[in-house]
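Examining the three-dimensional arrangement
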Amino acid sequence: MKKTAVVLAGGGSRGAYQIGVWKALRELGIKYQLVTGTSVGALNGAMMVQGDYDIALKTWESLSSEDVVGDMLQDKGNLSDRQLTRIFAREALAKGGADISALEKFVYSLIDEPRFRQSEVDFALVTVEYPMLKPVELVKKDIPEGMLGEYLLASAACFPAFQVKEIEGHKYIDGGYHDNMPVNLAIKMGAQQIIAVDLESVGVSRRIKKGAQVTLIHSLWPLGSFLKFEGELAVRNIQLGYLDAMKAFGKYNGQLYTFYQEGMSEVLVDLRNQAEQFLQQTKRREPKLTATLQSVVLRRMMREFRKHSPRLQEKQAFTDDCQLMMAAEYLGRILEIEPTKAYSFGEFLRLLKQTAQTCREQPVETSWFESGKLPDLETLGEELKKLDKVFLVLLIHKRLVRFLEGGGNIGEFLAISTFWKELVAAVLLYLTEQMEIESL
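The structure displayed is predicted, hence computed values, not measured ones. (Residues numbered from 1 in each chain as written. Predicted model: local features only at pLDDT ≥ 70, side-chain atom pairs only at ≥ 80, totals over all residues. Heavy atoms only, no water.)

In this section: the side chain of His218. By the secondary structure assignment, His218 is in the loop between strand E8 (213–217) and helix H10 (231–248). When its relative accessible area of 14% is taken as the criterion, His218 is described as buried. In this view, His218 contacts Tyr17, Asp198, Glu200, Asp244 and Lys307; residues no more than four positions away in its chain are not counted. (Helix = DSSP H or I, 4+ residues; strand = E, 2+ residues; numbered from the N terminus. Buried < 20%, exposed > 50% of the residue type's maximum accessible area, 1.4 Å probe, protein only. Contact = heavy atoms within 4.5 Å.)

As structure tokens, this is what we get:
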């Protein structure tokens, strides 16, 4: 049997996302024999070794800044990322970083060292000895008895935001200074299959060596400041991690959003038919310009599709259905559709139509565009940038309908091709409006 490892990156409060991935692995029955982690990934990894999922979930869902930094942020209200950074910067200058006593109490409340030692799942963490910046990779058997909590704190000492961690005369800082997502450590320990969960936080990212099949799971949505510890944000990130993991293992479809597989193919057949009719109409009027615009947009979509695919070593086919799904996701993101739930694809398209209709009822000044005489390209670009993305999509959609009805020209769309996602979203909205409501 191949050895499977879970690799958990550092990322402070974003670590809640990893609990969502763990939830999915449990549901899918995926077993692992090794966990490696850095910083908060090491702490979550120790919980995975212990098998304390329920405790981890409850802890993250009720997390507060007080649990991690004590009263440092007490009575400060709802702070922005910039304000948080300033507060931690002041602590770094005045005290060499935030006091880690609250963090120590928090970490020790979660670990059960006897259970950790008895588990058949192996473990390793990354920290860095300071000030030499010497990397330290500690495997389970090499962590001294009774010192698990100390070395977890050493891995998570995010200097200069937090004070360095001292152990037996040696000082340590966050393992992210060496390897924020220790995939290579897992490979070195014999893993052939790796599930790596990236939080895209600050830290050194190492090029992954060959020797294992790696499935990378990461969020395409912002996970918030890595310094912002609050339960509401954690609950959202847990759900995002769960859905992304389920998609990575083929249980749902989608990239930005999550779609049930059941019934999706039928809706896509109708959507493909509408797309074909749309292309035929545009090609009859402007064949060369249509082909050029289609080629430019599809190349950009394909690059993004490849970048967002969860597997590092397996290229997924960029099919017509993928293109239509991505177009729907672009429109969903622009319309701010909630990403923390799974949708039937028909339900999602219906929601897009309804939301777009609501947005149409809000006026926006576009007389400069509707006058029939477009400004020069530089002026046009500046004017378009001023528009809210929703209204830009609706504006493009309006001109698109006019073009298909015999007015305007497709050159208008070439002029705004730099806003290609909004253009794709407008086309998708048009296609959806041509479909029978029953098919959604």
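For the rest of this paragraph, the subject is the side chain of Asn184. For Asn184, the position within the fold is in helix H9 (residues 183–188). Looking at Asn184, the relative accessible area reads 15%, which means it is buried. In this structure Asn184 touches Arg206, Arg207, Ile208 and Lys209, once residues within four positions along its chain are discounted.

Inspection of every chain in the model, using the stated rule, returns twelve aromatic pairs. Judged by centre distance (5.6 Å) and plane angle (65°), the ring pair of Tyr252 and Tyr260 falls under edge-to-face. A relative accessible area of 16% means that Tyr252 is categorised as buried. Residue class for Tyr260 comes out partly exposed when judged on its relative accessible area of 37%. When the centroid spacing of 5.9 Å and the interplanar angle of 50° are considered together, the rings of Phe278 and Tyr430 count as tilted. Here Phe278, found in helix H11 (residues 264–285), pairs with Tyr430, found in helix H19 (residues 420–434); they are 152 residues apart in sequence, far enough to count as distant. Both residues of the pair, Phe278 and Tyr430, count as buried. In this structure, Lys140 is placed above the aromatic ring of Phe116, and the distance from its NZ or CZ to the ring centre is 5.2 Å. In this structure, Arg333 is placed above the aromatic ring of Trp221, and the distance from its NZ or CZ to the ring centre is 4.4 Å. (Phe/Tyr/Trp six-rings, centres within 6.5 Å; stacked < 30°, edge-to-face > 60°. Lys NZ or Arg CZ within 6 Å of the ring centre and 35° of its normal.)

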